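Working through the structure, step by step
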Amino acid sequence: MRNIQKVLLTLTAGSLLTVGAQAATSYSNGYTGQPYVGAKVGQFDLDIDNADDPTAYGVYGGYNFDSTFGVEAEYVGSDDADYRNGDLDAKTYGAYGTARYQFPNTGLYAKGKLGVAKTEVEGEGDYTNGAVRVSNSTSDTGIAGGVGLGYSVNPDFGVEAEYSVMDSDVDAKLLTVGAQLKF
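Just so it is clear, the model here is predicted, and its values are computed rather than measured.

1. Considering unusual backbone geometry
Positive phi outside glycine occurs at N105, with the angle close to 60 degrees. Tracing the backbone shows N105 in the loop between strand 5 (86-102) and strand 6 (108-129).

Quick look at the structure:
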């Protein structure tokens, strides 16, 4: 190859890499992606007859590849809910792909997530989950998703409200508010 062709190929490749780097979103950490961790609290809505809905507590973490798309994992557990003079506990473990829309000139954003979640419910004695009779516990994995609204207080801290649905034998719904730290 001639020297002029090598120079032109090098300049073209360098220009394309520079344009790609400038097009990427730059977060406060100097990188194009941004990891985050958070905590949430809320309420489970379980499809279980004659049971109180337990209070939910959880932790989550994720990574935004850019300002629009990312991934997230979460664990949410519950306190004991009253059920026929006994207790009922619920837990979910989920992994999701996320999509965000940043409202222009504000810290406000809308978020959607879709993925897979495992939901476990344990109780003392038999209970009815919809039309299904369950003894002591049930566990199922299924499609899960959610929608939420968030506000970035500053580049390193945000708050979110979210409604999630886990479609499995348990049919759990979850309404939470949370806070997250971004790195």
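2. A look at the environment of I143
Along the chain, I143 turns up in strand 7 (residues 132-154). Considered as a pair, I143 and V165 are 22 residues apart in the sequence and their alpha carbons are 8.6 Å apart. Apart from the residues lying within four places of it in its own chain, the contact partners of I143 are L114, G115, V165, M166 and D167.

3. Here we look at the pattern of salt bridges
Summed over all chains, the structure comprises 9 salt bridges. When the shortest N-O distance is used, the salt bridge between K40 and E74 registers 2.7 Å. Here the residue K40 occupies a position in strand 1 (residues 34-45), and E74 occupies one in strand 3 (residues 69-78), the gap between them amounting to 34 residues. One exposure class covers both K40 and E74, and it is buried.

4. Looking at the side chain of E120
Summarising the element assignment, E120 is placed in strand 6. You can call E120 buried: its relative accessible area is 17%. Contact partners of E120, with chain neighbours within four places excluded, come to D89, A90, K91, Y93, T138 and S139.

5. Some remarks on the nonpolar core
With 15 residues, the main nonpolar core has F44, L46, V121, M166, A172 and L174 as its most contacted residues. At the level of elements, strand 5, strand 6 and strand 9 (172-182) are the ones that each hand at least two residues to this core. It is strand 5 that provides the largest number of residues to this core, a total of 3 residues. Filtering out sequence-adjacent residues up to four positions away, L174 remains in contact with Q43, F44, A56, V76, E162, Y163, S164 and M166.

What counts, and where the lines are drawn
- Residues numbered from 1 in each chain as written.
- Predicted model: local features only at pLDDT ≥ 70, side-chain atom pairs only at ≥ 80, totals over all residues.
- Heavy atoms only, no water.
- Helix = DSSP H or I, 4+ residues; strand = E, 2+ residues; numbered from the N terminus.
- Contact = heavy atoms within 4.5 Å.
- Salt bridge = Lys/Arg side-chain N within 4 Å of Asp/Glu carboxyl O.
- Buried < 20%, exposed > 50% of the residue type's maximum accessible area, 1.4 Å probe, protein only.
- Core = buried A, V, L, I, M, F, W, Y, C linked by side-chain atoms within 4.5 Å.

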